[in-house]
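Descriptive analysis of the structure
What follows is the residue order along each chain.
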Amino acid sequence: MMNGPAERKEEASVVPVNSLPFDEYVRTANFLREKTRHRPKIAIIAGSGLGGLGNALEQTDIFDYHDIPNFPVSTVVGHAGRLAFGLLGPTQVPVVCMQGRFHAYEGYPQWKITFPVRIFKLLGVEILIVTNAVGGLNPEYHVGDIMLIKDHINFAGFAGVSALCGVNDERWGPRFPPMNDAYDKGLRALARQTAPECQFQDFFHEGTYAMVGGPMFETCAEARMLRSVGGDVVGMSTVSEVITARHCGMKVLGFSLITNVVIQDETSDDTANHQEVLQVGIHRAKAMQDLVSGVVTKLGS
Ligand SMILES: O=P(O)(O)O[C@@H]1C[C@H](O)[C@@H](CO)O1
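Read on for an overview of the structure. Just so we're clear, the structure is a prediction, and the values are computed from it rather than from any experiment. Residue numbers here run from 1 along each chain, matching the order of that chain's written sequence. Whole-chain, interface and lining totals are the exception, using all residues; otherwise, since this is a predicted model, local features are given only for residues with pLDDT of at least 70 and side-chain atom pairs are given and counted only at 80 or more. To get the side-chain values, take all heavy atoms of the structure and skip hydrogens and water.

**Considerations on the pattern of salt bridges**
- Throughout this description, the term salt bridge denotes a Lys or Arg side-chain nitrogen within 4 Å of a carboxyl oxygen of Asp or Glu. One pass over the full model with this rule turns up 11 salt bridges.
- Here E241 and R101 are joined by a salt bridge, their closest N and O atoms 2.6 Å apart. Taken as a pair, E241 in helix α9 (residues 239–247) and R101 in the loop between β4 (93–99) and α4 (110–113) lie far apart in primary sequence, 140 residues in all.
- Exposed residues in this analysis have more than 50% of their type's maximum accessible area, buried residues have under 20%, and partly exposed residues fall in between, with area computed by a 1.4 Å probe over protein chains only. Classification of E241 as buried rests on a relative accessible area of 2%.
- Between D181 and R246 there is a salt bridge, with its nearest N and O atoms 3.4 Å apart. Elements are defined by DSSP. Helices are runs of H or I of four residues or more, strands are runs of E of two residues or more, and each kind is numbered from the N terminus.

**As for the pairing of strand β9 (residues 251–261)**
- Most of β9 sits inside the fold, with nine of its 11 residues counted as buried.
- Summarising the sheet, strand β5 (residues 127–136) and β9 pair through 10 bridges and their orientation is parallel. Each bridged residue has a counterpart across the sheet, and for V134 the counterpart in β9 is I258.
- Note on pairing: DSSP must find at least two bridges between two strands before they are called paired. Alignment of strand β6 (residues 146–154) against β9, held across three bridges, turns out to be antiparallel. The residue of β9 that forms the bridge with M147 is S256.

**Side note on the packing of aromatic side chains**
- Pairing of aromatic rings covers Phe, Tyr and Trp, the last through its six-membered ring, and needs centres within 6.5 Å; plane angles under 30 degrees mean stacked, over 60 mean edge-to-face, and all others mean tilted. Inspection of every chain in the model, using the stated rule, returns 13 aromatic pairs.
- Taken together, a centroid distance of 6.5 Å and an interplanar angle of 75 degrees make the contact between W111 and F115 edge-to-face.
- By relative accessible area, F115 is classed as buried at 0%.
- By the ring-pair criterion, three or more aromatic residues cluster together here, those being F22, Y25, Y65, F71, F102, Y108, W111, F115 and W172.
- Placement of a positive charge over a ring is assigned whenever Lys NZ or Arg CZ falls within 6 Å of the ring centre and within 35 degrees of the normal to the ring plane. Just above the ring of F22 sits the side chain of R171; from NZ or CZ to the centre is 4.2 Å.
- Between the NZ or CZ atom of R284 and the centre of the ring of F203, over which it lies, the distance is 4.2 Å.

**Looking at the packing of helix α2 (residues 22–35) against helix α5 (residues 115–122)**
- To get an axis, fit a line to the C-alpha atoms, keeping to the stretch in contact for a helix; angles then go from 0 to 180 degrees between the N-to-C directions. For the pair α2 and α5, interaxial distance at closest approach is 9 Å and the crossing angle is 65 degrees. Classified by the interaxial angle, the pair formed by α2 and α5 is roughly perpendicular. Seen along the crossing, α2 lies across α5 with a hand that is right-handed. Residues F22, Y25, V26, T28, A29, L32 and R33 of α2 pack against F115, R118, I119 and L122 of α5.
- Amino acid classes used here: Ala, Val, Leu, Ile, Met, Phe, Trp, Tyr, Cys and Pro are nonpolar; Asp, Glu, Lys and Arg are charged; the rest, including Gly, are polar. By residue class, the composition of the contact of α2 with α5 is eight nonpolar, one polar and two charged. Our angle categories are set so that under 35 degrees counts as roughly parallel, over 145 as roughly antiparallel, 65 to 115 as roughly perpendicular, and the remainder as oblique. Helix crossings are classified by the rotation of the near helix relative to the far one: an anticlockwise turn of less than a right angle makes the crossing left-handed, while a clockwise turn makes it right-handed. Contacts are assigned to residue pairs that have any heavy atoms within 4.5 Å of one another.

Written out as structure tokens, the structure reads:
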């Protein structure tokens, strides 16, 4: 016998959820809350080579990802795999900083990549600041420049890969969250105001992050395509974290460090490599740190 609409809805609800039960998130959040004195409203995710941000914190409580219940572990060079709670900047604003993130190419499912974001939500975080290393597609961008993320293109999402796939738990957020306002206008204005104060106006841009799965860098034809559809930079992370944060009502601010210029011409003898990404990250870590710290200071005052 054919099922009516009600039965069909019930059938859908037995599709396994690609996630842990809500109570397991609560268990992880309680573990951290009991062990740190800090109650941050701002979380920072540090990208490849940018984890030094966490070392700038004072009065830190630091957790190895290995030691946090349910937390994935970092497998990529340049991602230390530590969660640092502490105070940032001259006004000592409490923040929590992920020194290393998780990527789909490491073999992690979307719910694991984004697990920490929901933990931040349970801990009371209201603003997520994401940073990442990227290849520059826009010809006006140079190695070492910083791009304020205005928008993203979620190629994985087009293919049906999303942290929000599966049965939606309304305790996190709505089934169909909007994404046209993913990167908060007010926070972006604050970042634009902060950049010249840090003397960054000459290498500061605002643009669109195109997300691909990696781990291979792009072919020239892929790079030209990404540019032609509006990508200013390309990276292999961030978007799932942002979507998850927006789903549960957090505001988001994002910065990309251009670590290499993406090769778009097959006659070039250059190649992209992760060592270069890390080296530029280390070289420009202070700039990214000053910018994030400047914005956090404004937010905390
Ligand atoms: O974690 P992010 O997005 O900063 O790392 C980028 C993308 C790849 O993981 C890696 C390539 O070098 O850097």
